[in-house]
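Inside the fold
Single-letter residue listing:
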Amino acid sequence: MKSALRNSRPLAVAVTALVGLPILLSGCGAAASSSSTESVSEISVMDYYNNEPDKSFIGDALTACGTKAGVTIKRETVPGKSLISKVLQQSSSKTLPDVLMLDNPDLQQIAATGALAPLADFNISTADFAPGVLSAGTYKDKVYGLAPTVNTIALFYNKDILAKSGVTPPSTWDELKAAATELTSGDQYGLAFNANPTYEGTWQFLPVMWSNGGNEKNIDTEETAQALQLWTDLVKDGSVSSSALNWTQADVKDQFLAGKAAMMVNGPWQIPSLDKQASLQYGVVKIPVREAGQTMVAPLGGEVWTVPQTGNKARQAKAAEVVACLNSDENQLAMAKVRNTIPSKTTLAATFAEENPKLATFTELVKTARARTGQLGEEWPAQATKIYTAIQTALTGKASPSDALKQAQGQ
């Protein structure tokens, strides 16, 4: 998902990487045949990849999978902010597309309306997918969507700046605070993150909250207060710019690229931009945990592909073939490599990490990454709003972290 969208991450890639790139079709096994004898020559698809280069790359993948299924793809791309309202409107008017892409936090909301068909109806295999990936595509114990690739966030650091200051990449909160303080000088901040009042601000806070035992069902806890205290301390002591209250993840990346932040919290979709600056030497590690021994739990980003309940069994069967094709091993690897994302199948992870070392940390994190809707389902958006509201309240000094969380939880 794009940073301007719901808050998993834009999955940008270099335009030159996708020119002429073939989408592999082997292993795209057909889904169950429709009981209808209707001949289907075209199916409709809707997604929010309306910006290049993803628009063209995903379009090529869809076309190739359509060819494999023996159908022409009629594709519509819409702005991310408009997708859910359009889907709900189409659901009520019974005009849903045959294949629908959703940002993973939105799947449960749409599945709850009865608009989607369980993928088991079409014998689409869910074997080998990482637990978090399946959780993101599941509603009431049925899988409705699968993501070919996923993403998450980690800590990027400028190797030259850290080496010059004699600082090693931090692994605990104390080390992070000490490093951020040491690396702050003049117009250079030690760390940059996004704490804006959107789902994106919540997304960037989840790793420190979850890894410390915080729970989205109730944010008025000591564990979550400790995490918010960390964010607050970093801004209060000047290690993080107060502009973080308004920054997007793209803004955070720009600060890092300009050398105005020695470290940043961000995702792999930023790698193409970072690699364009030849002088920048950077590394990626897991976001620090409060104390050694804790497990870093990161949020799972990425989009799932679904088969809507259109009422036309023959078209649904063809749509399922396309969804299965997009999620084949070959296509997962092709998409992940070009789009700087991570294959969703655990059996592909080790090989992918070896062949793409810059994505190794993210590949490791995906193994334990958590779906934002895993516990709350369609209630997640309301709680995500409470989280970013509490972050804003605490970081602007209007209340202590514990009081900010208590106020937000009570809303």
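Quick note: structure is the one above.
Predicted model only: the values in this text are computed from it and were never measured.

Across the five residues that make up strand β3 (residues 99-103), a large majority, five, are buried. Burial along β3 is two-sided: the residues Val 99, Met 101 and Asp 103 and Leu 100 and Leu 102 are all buried. Relative to β3, strand β1 (residues 42-47) runs parallel, the two being bridged by two bridges. Within the sheet, the bridge partner assigned to Met 46 lies in β3 and is Leu 100. Taken together, the four bridges between β3 and strand β12 (residues 303-306) define a ladder with antiparallel strand orientation. Along β12, the bridge assignment pairs Met 101 with Trp 305.

Pairing is mixed in the open sheet, where four strands are placed in the order β9-β10-β8-β11. Across the chains shown, the open sheet's two edge strands, defined by having one partner strand only, are β9 (189-192) and β11 (282-285). Ignoring strand direction, the axes of neighbouring strands in this sheet form an average angle of 20 degrees. Packing of helix α10 (residues 249-257) onto the sheet brings it into contact with β8 (154-158), β9, β10 (261-266) and β11, and relative to β10 it is tilted by some 155 degrees.

In this section: the nonpolar core. Ranked by size, the top nonpolar core spans 133 residues in total, and within it Leu 191, Phe 193, Trp 231, Met 263, Trp 305 and Leu 395 carry the most contacts. Not counting residues up to four positions away in its chain, the partners in contact with Leu 395 are Phe 193, Ala 195, Leu 228, Trp 231, Thr 232, Val 235 and Leu 245.

Basis of the calculations
Residues numbered from 1 in each chain as written. Predicted model: local features only at pLDDT ≥ 70, side-chain atom pairs only at ≥ 80, totals over all residues. Heavy atoms only, no water. Buried < 20%, exposed > 50% of the residue type's maximum accessible area, 1.4 Å probe, protein only. Helix = DSSP H or I, 4+ residues; strand = E, 2+ residues; numbered from the N terminus. Pairing = 2+ DSSP bridges. Axes fitted to C-alpha atoms, helices over the stretch in contact; angles between N-to-C directions. Contact = heavy atoms within 4.5 Å. Core = buried A, V, L, I, M, F, W, Y, C linked by side-chain atoms within 4.5 Å.

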